[in-house]
Every structure is written in C-alpha cells, then in structure tokens.
Amino acid sequence: MRFSLSVLSVACLPWLASAGQNHEETLPLLNRDVKTFGAEPGTYAGCLEGEDFFLGYTVRKRRGCSFGVLAEYLTAELPQDCPHDGTKELILLLGEGDEDVARAAAVAMCTNGWRAYLDDNEYPWDQVSGYGPIWDKEYYDGNTHWNEEHQTELDKLIQDEPANHFRREAPHIREIFEAEAQGQAFGYPSMDNFENCQLQSIMCCWVSDRQANDNNGNCATPYDENCLDADPGDNTDLCAVDMARSTSSSAHVDGGFSWFNDNSEGPVHCHGLAWGAHELDTYNRYKANNLFFVSMYDHLYQRGYVRNVPGAPMCGCVEKMPIVSRSDCTQVDDDETWVFVWNAGTKKMLARLDHVELDFNSCRGQGGNNDLNRFINRLKTEGRYSEEMYTEFRKTVRGNCNGVFQELLTEKGYTYNPQAATPGWTQVYSKGLLAPYADELLKSPSTFTKQADTNLRRLQNADSPVFYIRRYCPKCTKSHREIIYKRLTAFPEGYDFIDLFTNNWVDTNNINLLDFTLHYNMEDALADANPWSFCNYNDNLIGFPRDCGPSNFVGGQWNSISGGGQPDIAYYVWNKNPTVTDPARPYPSVDEFGDKQAGFCVKSGGGDQNSGVYRISSGDVNTPETESLCLQQCAAFPGHTGCEAIFGQSNRGCYVHTQEVARGNGRNNHSCWINADTTST
C-alpha cells in the first residue's frame, strides 16, 4: 500500500514542527541541511528538492522504515523526466551525493520516527496485569494466585460458579491481546528477570497446567480430582538448574545447583523469543508485545501453563533460565504505515510511524520452525546475532543434556570421580553423563586393553582368558542398565576390544554362550547363573550389545562412538581380573542331542511347550553350519532339554528349551533335537 506523493504545506502536518526535536541531540544526522550537489548555484540536485512533499507507505514483515524501502517507494513517485531513481534521489537529498552519509541519515531519521511514536503511543507495561510492578515480578518468578490456584468447586463465592476460573477472573488478558497487543508497541517491563538480556532472548519454562479442556497439558475435569498436580505438554528435557545464574530475588538463594537424569524432572514446557541487536529490528521493537503474548496470552490464558522450575524464574533472559535441551519459539510479524515529509524550506526530511498491526507466529528458523535455537541460527546467518552470543546461548539451550552435570561440577570447583559409586571396578571408557568431561572417550592407551604397566589394571591373568567387564547405562531399559560381560575363551592377539564394545559389536571370536556370557549382575556372572540367551551382531557402527537380550531381541540399548545410540554409558573392568585363574572354557559337545526330527519340539502328549523357551539367535537355521552352531549354543545353556531351529518364516532362529519336550511334530520349516540325557516319554 502506498500514499501518493503530494505537495503540501508544513502546516498541514502539525507533528512536523515538533517531531524529532526531542531526539535531535542524540541523532545529529537527523534533519540535516541538504546542500546542492553536482549542479550550478541556485539549482536543485534532487528532482523533488525544491518543493515540500509527503510520501506514505505500508510495508509488511519487518521491512519497516529503511533507506532501501523508502528509495523503492520514492522511485515510483519521481517525475517522468527525472534522470535517476529513488536511491539516487535519497543520496542527493540526505547525503549530498555521499551514499554512506545518506544511509546513516536515513537510519537516524527512522530511529527518531520510532522514538517519536513511542513518546505518543507506547502502552505502559504496568497496565498489562493491572496489579503493579511488584506483583508482576512475583508472577514472572512463578508465584501469585495466577500461578498457584486452579479451578475448584470448593470455596465458591457464587452459586453454581466454580472458584478460581482464570478466564473469568482475568478477561482483560484477552481484551489486551485483541486490542493493544496487536496494534500498539508495549513498554518493556522493568524487573531484573528481563534486565540487560545479554543474549537478546527470553525464555519461559512451565511445570504445571491449571486449565482443562484446551487441548494442552493433562489438566482435566473434574478439577478437584484431575487438576491438582497436572502437567504441561512436555517439549524439552530439563538438564539442570544453576541457581547462581538466576537473580537472587527469583531463586531466593545466592547459589547452588540441581541436575536431572533419566527424565526424572517430569514434563516441562519451554517457549522463547529472540531479537536482533539494532534498535530498529522489528523483533527488538516489539519484544515486549511478544513477551506478553508468549507468557500471558498464549500459555497462561489459552493453555493454563503455570509455575516455575524450582530455583529459577518462570520467565527471564535466557542466560538466567534453567539449562534445557530445546525451546519452542514465537516471532512477531508486523504491518506498518510510515509517513515521510520533505520540507523544502528547511531542507529537512522527517519520518513518522503512523499505524501498526502485529501478528504472532511460530518462529521461522534455519532448518525448521517453532524452535528457538533454529530461529537464533537464522538471525546469526542474517547478521543480526553474533557468533559469540550464539556460543553462550548454547550453554542454556543445548540440544541435549550430555555433559551438563560434569560441566557444572567443574564450574563450581568440584572434581568428578567416576569410581566413587563403583567400588571394586575401574572405569575405562565413558560417554555423556558418566564421563569426567563432556563426551570424553578414554581411548588407548587405556585400561581397556591388556597392559604391561603394573600400575594399570589388566583385563585378564596371563594364565587365564577369563575376565569381567561391566557396562552401566542409566537411561537404558531396566534389563540393560547394568550388564556383565564374562569372557570364556581367549581372544586372538591384537583383538580390538575398544572397537568391539564401543563401535562394532561382531561375532568374530565373540559368540554368545560359547565365547562369552551376559548377566544382569556380578553375582550371577561369578556363579554362571541366568545367562542371557539372545544375541545378534555385525551391524556397522553399532556397538555393544546391539539387540542382545535376556530371552529375545531387545532393541535400542546399544552404544556407538560413530552412530549415536545410548548417550550416557560407562564401561568398567573388574579389579580382580588379574587374579582370575579359571581355565578357558571349551565349546560344548553336541553328542547329547539325538537325531534331528522334523517339526517343532512338543511334549510327550503332542502339546506345544511354550514355557521355558529362550531365543538364541535370529536368521534361518537350515544349513549344516547354522544347525551345528545352534546345537552348540543350546548345549551351553543351563538346563537345556531340547533345541529347535526355525527357518523361512518371521520367527526364524535358534531356540533352546528348558522344560519337558519329547519329539518333533513334523511341521514344515522347523527342526527339533531332544537332549538324550533328559527324561521323556
């Protein structure tokens, strides 16, 4: 939208006489005298310089007032016989032919126009809540009745009307959103939560939901049963809270920290906003409007999200907030009408912001939307956010929680001792939360391989191949949080232990039940009790234990240096490994099994035997080589009564029976071997 260029009297625009005067000392380039350039005395350098004119335009999506936008609209209004475009005209009018001077003058003119708009139109922040600055501070720390109450049928003051109905008690939040928040710049709140945001960003994190029937969080009716301790929609991992970064008035302590492991924090919802550094940056100019939208309208009024993470403010500058993995994000989009007036008599041009319309949308970021990190990445790419600030920002919104605990310990002057909680074991490899430092990999030379140095623990006695390795994985499923690997046979010289466990879990010299066994704990491992039956291998860059499980396939518990997997793991060698004298265990004989029978193994009466059946491997078992290996693994499993092979169907693999089986039943795609030493009829 554009207003046509018009010749006018200065008296027609009463604001012209005073606009800019309040700020002229701070912006000396504003309203500067424009002299002739490149022309004889008495002539005008600019095509429009000799007469007063007025130009107005409406622009969208952060284009606002700038040299380039003004030049674009001015080009369309120049006389047909003007020998140059709007860019040249502005250079002549504002800069005496010097483009740098003209651009600087345009910035000063636009800045003055923005400040003049604020003088007349800014909506005071202390009118937003209606309770005043002290109450506002308490609200943004997670307190006040807005945060602490939920709707209830108790303590009703009006018959048939519930108490603490937020939308009824604070209707002005919606009214402000529909009027002032979308059409008027808000004043920035004056409180330490938002003071001097060094990372040009604000974030709120909520831990509770007080409102039902809004499709957000799990607060539900009836309120007094289903909303006493309801959760918001979980969109982040809470890594830690460093109370020293929170203001003392928010945390109520000067220091201390807490951290959260294995999703122990419960649901947390974080949402933020960010802006560019320049005063005229749209996100900067309307950041207070955005703060109101995010904190009071969208999340409180619309969703009912309340309460702070203990030890941190509910909302504040990002550097004052809890350490989290990610945050949602909202940006402000604007439609603005700007008016420009050239006074030929004074040779001055003034700018005025005449009308504002704002819209609030999910942030459009670099590589994805509705993500604060990606949005700030976009601002960085556009030159509106520095690389140094981004590095600091990523110390709060990290992407994941790996290494946070160790970094906090180091920052606070503590030394992390991974051995303290594992007496009798020496840690030899660690990653993520269990590493002394973030993502440290304790590689060779390490105690993970057989060493000649007597100061280092060796894996095994020179006279015995048997040794024990423990993997600890706090975020794994319960069965896989602790696994003991017991080696039964000797490794070839030069075997790469580190790669086997950390990057490529293979079956070369490493077959379950024959070369090693896996156990839940050390007691079972020492007693050869309750070995795990199932293992698979040979998936590139998938480390221990791939999908090995107590009785069948269990996915997603592996670790890998190269391929992801579980983020927090540690490996330990048993301190008594050098004292072990157990001899190597030979592969068992399969002579105890009778001849192969067609079909799956059944009981003497022909009924299926579905109890005490353990899967050993996956894949077709129908060749002499695969059948021989299956029989050997069955023979090594404690209490075996039979061995069964399946091929050509989805449940293919080797299975061991530990309860009564008597024969094969003749079914296709199955083979059965009965242990001759067990009693069957």
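Quick notes on the rules
- Starting from 1, residues in each chain are numbered consecutively following that chain's sequence as written.
- Confidence filtering applies because this is a predicted model: local features only for residues at pLDDT of at least 70, side-chain atom pairs given and counted only at 80 or more, and all residues used for totals across whole chains, interfaces and linings.
- Values reported for side chains reflect all heavy atoms of the structure, with hydrogen atoms and water molecules removed beforehand.
- Note on definitions: salt bridges are taken to be side-chain nitrogens of Lys or Arg within 4 Å of carboxyl oxygens of Asp or Glu.
- Three labels apply to residues, based on accessible area from a 1.4 Å probe with only protein chains included: buried if under 20% of the type maximum, exposed if over 50%, partly exposed otherwise in between.
- For our purposes a nonpolar core is just a set of buried Ala, Val, Leu, Ile, Met, Phe, Trp, Tyr and Cys residues, chained together by side-chain atoms within 4.5 Å.
- Counting from the N terminus, the helices are DSSP H or I runs at least four residues long and the strands are E runs at least two residues long.
- The rule for pairing is simple: two strands pair if DSSP sees at least two bridges between them.
- Throughout, an axis means a line fitted to C-alpha atoms (over the contacting stretch in the case of helices), and angles, computed between N-to-C directions, take values from 0 to 180 degrees.
- Throughout, a contact is declared for two residues whenever any of their heavy atoms are within 4.5 Å.
- Put simply, two rings from Phe, Tyr or Trp (the six-membered ring, in Trp's case) pair if the centres are within 6.5 Å, and we call them stacked under 30 degrees between planes, edge-to-face over 60, tilted for the rest.
- The rule is short: NZ of Lys or CZ of Arg within 6 Å of the ring centre and within 35 degrees of the ring normal puts a charge over the ring.

Quick look at the pattern of salt bridges
With the rule as written, the count across this model stands at 27 salt bridges. Of the charged contacts, one joins Lys412 and Glu411 as a salt bridge, the two residues approaching to 3.9 Å between their closest N and O atoms. Taking the relative accessible area as the measure of exposure, Glu411 reaches 56% and is therefore exposed. Salt bridges here are not isolated pairs; linked through shared partners, they connect Asp281, Arg378, Glu382 and Arg384.

Describing the nonpolar core
Grouped together as the largest cluster of nonpolar side chains are 101 residues, with contacts concentrated most on Tyr140, Trp146, Phe186, Phe292, Met349 and Phe393. Of all the elements, helix 13 (residues 287–302) adds the most residues to this core, at nine residues. Core analysis: the second largest hydrophobic core is formed by 26 residues, Ile511, Phe516, Cys535 and Tyr537 among them.

Focus: the sheet that holds strand 18 (residues 516–519)
The sheet built from five strands is open, its strands ordered 15-19-16-17-18 with antiparallel pairing. Both outer strands of the open sheet, strand 15 (425–431) and strand 18, are each paired with one neighbouring strand and no more. The average undirected angle you get between the axes of adjacent strands in this sheet is 20 degrees.

Details of the pairing of strand 24 (residues 653–657)
Counting buried positions along strand 24 gives five out of five residues, so the element sits mostly inside the fold. The side-chain alternation of strand 24 yields two buried faces, one formed by Gly653, Tyr655 and His657 and the other by Cys654 and Val656. In this sheet, strand 24 lies alongside strand 22 (residues 613–618) in antiparallel orientation, the contact comprising five bridges. By the bridge assignment for strand 24, Val613 is matched with His657. Across five bridges, strand 23 (residues 642–646) lies against strand 24 in antiparallel orientation. What sits directly across from Gly642, in strand 24, is His657. Linkage of strand 23 to strand 24, two consecutive antiparallel strands, is achieved through a turn of six residues, within which Gly648 is found at a positive phi near 75 degrees.

Observations regarding the sheet that holds strand 5 (residues 238–242)
Strands pair in a sheet through their backbones, by hydrogen bonds, and they do so in one of two ways: parallel or antiparallel. On the basis of which strands lie adjacent, the open sheet formed by three strands has the order 6-5-10 and antiparallel pairing. Each edge of the sheet is formed by a strand with only one pairing partner; in this case those strands are strand 6 (257–259) and strand 10 (323–324). Direction of pairing for strand 5 relative to strand 10: antiparallel, over a ladder of two bridges. When the bridges of strand 10 are listed, Ala240 appears paired with Ile323.

A word on the environment of Asp620
Relative to the helices and strands, Asp620 is located in the loop between strand 22 and helix 19 (624–636). Taking relative accessible area as the criterion, Asp620 reaches 37% and is therefore assigned partly exposed. Between the C-alpha atoms of Asp620 and Asn651, which are 31 residues apart in sequence, the distance is 9.1 Å. Other than its neighbours up to four places away in sequence, Asp620 contacts Thr626, Ile646, Phe647, Gly648 and Arg652.

Quick notes on unusual backbone geometry
Cis peptide bonds are those with omega within 30 degrees of zero, and the linkage from Thr221 to Pro222 qualifies with -5 degrees. Within the fold, Pro222 resides in the loop between strand 4 (208–209) and helix 10 (223–226). One non-glycine residue with positive phi stands out, namely Leu513, at about 75 degrees. On the secondary structure map, Leu513 appears in the loop between helix 17 (497–502) and strand 18. The phi angle at Asn538 is positive, at roughly 60 degrees, despite the residue not being glycine. Here Asn538 lies in the loop between helix 18 (522–527) and strand 19 (569–574).

Focus: the packing of aromatic side chains
For the coordinates displayed, the defined rule picks out 43 aromatic pairs. Between Trp206 and Tyr305 the ring centres are 6.4 Å apart and the planes differ by 50 degrees, which places this aromatic pair in the tilted class. Residue Trp206 is found in strand 3 (residues 201–206), and its partner Tyr305 is found in strand 8 (residues 305–306); the two are separated by 99 residues along the sequence. In this structure Trp206 comes out as buried when scored by relative accessible area, which is 0%. Classification of Tyr305 by relative accessible area gives buried; the value is 1%. Taken together, the ring pairs connect Tyr429, Phe467, Tyr485, Phe491, Tyr495, Phe501, Trp505, Phe516, Tyr537, Phe544 and Tyr571 into an aromatic cluster. In this arrangement the basic side chain of Arg285 is found over the ring face of Trp114, its NZ or CZ atom lying 4.7 Å from the centre.

Quick word on the pairing of strand 3
Where burial is concerned, most of strand 3 is hidden: six out of the six residues are buried. Here strand 3 shows no split at all, with Ser201, Met203 and Cys205 on one side and Ile202, Cys204 and Trp206 on the other all buried. The pairing of strand 3 with strand 7 (residues 269–274) spans six bridges and is antiparallel. Paired with Trp206 across the strands is His269, a residue of strand 7. Inspection of the sheet shows strand 3 paired to strand 9 (residues 315–317) by three bridges, in the antiparallel sense. Paired with Met203 across the bridge in strand 9 is Gly316.

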